[in-house]
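In case you want the letters, here they are:
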Amino acid sequence: MSNLTDQSTRSYTLTSDEAAATAELTLELAAAYPSFGDPGLLRDLPRLAARLPLGVQHFLRDFKLGDRHGHVVVRGHDFDQQRIGPTPEHWRDRHRPGPEFPEELLLMLYSALLGEPFGWATQQDGHLVHDIFPIRQHENDQLGMGSKELLTWHTEDAFHPYRSDYLILGALRNPDHVPTTVGELDLASLSDEDVDILFEPRFHIAPDESHLPKNNTITSEEEAARFATIQRMIDERPLGPLLYGSRRDPYMRLDPYFTSVPEDDAEARRAYDALFKVVDAGMREVVADQGDVLFIDNHRAVHGRQPFQARYDGTDRWLKRVCVTADLRRSRPMRATAETRLLG
Ligand SMILES: NC(=[NH2+])NCCC[C@H](N)C(=O)O
Ligand SMILES: O=C(O)CCC(=O)C(=O)O
Ligand SMILES: [Fe+2]
């Protein structure tokens with residue numbers, strides 16, 4: 001009997017009526033709510049999400065409650081290319097909300113079916129919805145804004161105890177069909193002994209560069225102080241497990257590019273190498289094409305992106321990203337007030 005997890009992509013394709021109704025809903029809400037700063041919007045999200053097509057609501061609730069699949073895709077959204085306009089050159093200094101506010105609101109509605117949306121004070125200047133498009137100055141970097149290099153597979157914000165439970169990636173455009181990569185764990189390919197070791201706090205994952213001051217705008221001491229926790233994680237190099245949860249169906253936390261194993265721990269190194277090989281061998285491509293929204297279970301799947309040739313002419317691939325937590329209160333120690341959605 002095979003224990004291989006079924007990693008084929010589950011998807012829901014909107015009918016043209018559903019796509020039209022969804023687009024209309026997001027336009028209506030973009031006119032009704034001024035910005036993400038409006039507390040009424042966060043309050044109303046579950047009620048507004050109940051106006052999404054019932055089929056999608058069921059599909060996403062099944063994804064969450066089933067706790068089985070690492071990713072799913074909802075296809076067939078109508079993202080108005082004319083209205084959205086050209087892919088920007090940078091996420092910094094953009095007027096917000098921008099013309100793509102309806103699409104950002106759509107991801108917020110979806111987030112309400114999975115949990116609560118949140119952001120990072122230390123990432124993309126604290127914006128709740130992130131941009132992912134190529135930026136020339138970052139073309140060789142391990143960032144969403146890179147292009148020339150493979151974006152190595154990772155758990156989003158793997159270094160952080162309050163990382164996302166789910167990631168939502170909405171493709172405003174992707175003219176060259178650049179694939180995202182996704183991979184899950186095939187537990188049967190690991191020895192029991194290695195699994196035991198991987199459950200132990202014997203591994204360090206450093207913060208990725210998107211959380212560094214150099215990749216944010218800092219104009220005051222107060223803004224600089226937001227990075228203290230990140231810096232502490234860099235300095236103190238805390239050790240943690242790579243697998244957790246059910247011993248028979250573990251969750252994972254991985255980012256090999258930023259991982260180190262203490263030099264004197266040969267067993268941990270062996271277990272880590274075995275885990276890396278198993279996950280790496282299972283990586284596959286999922287193209288989030290224009291109008292597709294990719295949902296990633298950040299405990300079950302790692303993801304990355306194939307290298308591609310950026311255009312830098314306004315027609316580049318452009319994704320929007322929202323981080324979702326199933327439990328906002330867990331991160332309360334890192335949120336200045338109960339209301340704020342920004343960690344750091
Ligand atoms: N292994 C990695 N490359 N990790 C970093 C991933 C990219 C990062 N989360 C970003 O927002 O840009
Ligand atoms: O571009 C993609 O498809 C994924 C990007 C990503 O993983 C990230 O920005 O963290
Ligand atoms: Fe990522």
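Residues numbered from 1 in each chain as written. Chains lettered and ligands numbered in written order. Predicted model: local features only at pLDDT ≥ 70, side-chain atom pairs only at ≥ 80, totals over all residues. Heavy atoms only, no water.

All right, on to the overall build of the chain then. Along the backbone of the chain there are nine helices and 16 strands. Taken over the C-alpha trace, the chain has a radius of gyration of 20 Å; the compact-globule value for 344 residues is 20 Å, and the two agree within 12%. The buried share of the chain, reckoned over its 344 residues, is 55%. The contacts in the chain between residues at least 6 apart in sequence include a share of 82% that link residues at least 24 apart. Summing over all exposed atoms, the chain offers an accessible surface of approximately 15,300 Å²; the carbon and sulfur share of this is 50%. A distance of 2 Å separates the average location of the 39 positive side-chain charges in the chain from that of its 56 negative side-chain charges. (Helix = DSSP H or I, 4+ residues; strand = E, 2+ residues; numbered from the N terminus. Rg over C-alpha atoms; globule rule 2.2 N^0.38 Å. Buried < 20%, exposed > 50% of the residue type's maximum accessible area, 1.4 Å probe, protein only. Contact = heavy atoms within 4.5 Å. Areas by Shrake-Rupley, 256 points an atom, 1.4 Å probe, with all protein chains shown as cover. Lys, Arg positive; Asp, Glu negative; His and termini not counted. Charge placed at Lys NZ, Arg CZ, Asp CG, Glu CD.)

This model, assessed by the stated rule, comprises 25 salt bridges. In this structure, R83 engages E103 in a salt bridge whose closest nitrogen and oxygen atoms are separated by 2.8 Å. With R83 in helix α4 (residues 81–84) and E103 in helix α5 (residues 101–114), the pair connects residues that are 20 residues apart, well separated along the chain. Assessed through its relative accessible area of 3%, E103 is described here as buried. Taking the shortest distance from any N to any O, the salt bridge between K214 and E209 comes out at 3.4 Å. (Salt bridge = Lys/Arg side-chain N within 4 Å of Asp/Glu carboxyl O.)

Next up on the list: the UniProt feature "domain: TauD/TfdA-like" (unreviewed entry) in the chain. Using the residue numbers shown here, the UniProt feature "domain: TauD/TfdA-like" (unreviewed entry) corresponds to residues 249–322. Annotation note: span residues 249–322, helix share 22%, strand share 34%, distance between end C-alpha atoms 26 Å. (UniProt positions renumbered as here; feature names shortened; annotations may be inferred.)

Moving on, we come to the site of ligand 1. The environment of ligand 1 is made up of 14 residues, and the closest members are Q142, G144, E156, D255 and R321. The side chain of Q123 places a nitrogen or oxygen atom 3.4 Å from an oxygen atom of ligand 1. One of the side-chain N or O atoms of T152 is found 3.1 Å from a nitrogen atom in ligand 1. Taking 340 Å² as the accessible area of ligand 1 by itself, protein coverage stands at 98%. Considering each element in turn, the shell around ligand 1 owes the most residues, three residues, to strand β5 (residues 151–154). (Near = heavy atom within 4 Å. Polar contact = N/O pair within 3.5 Å; in protein donor to acceptor, adjacent residues only side chain to side chain.)

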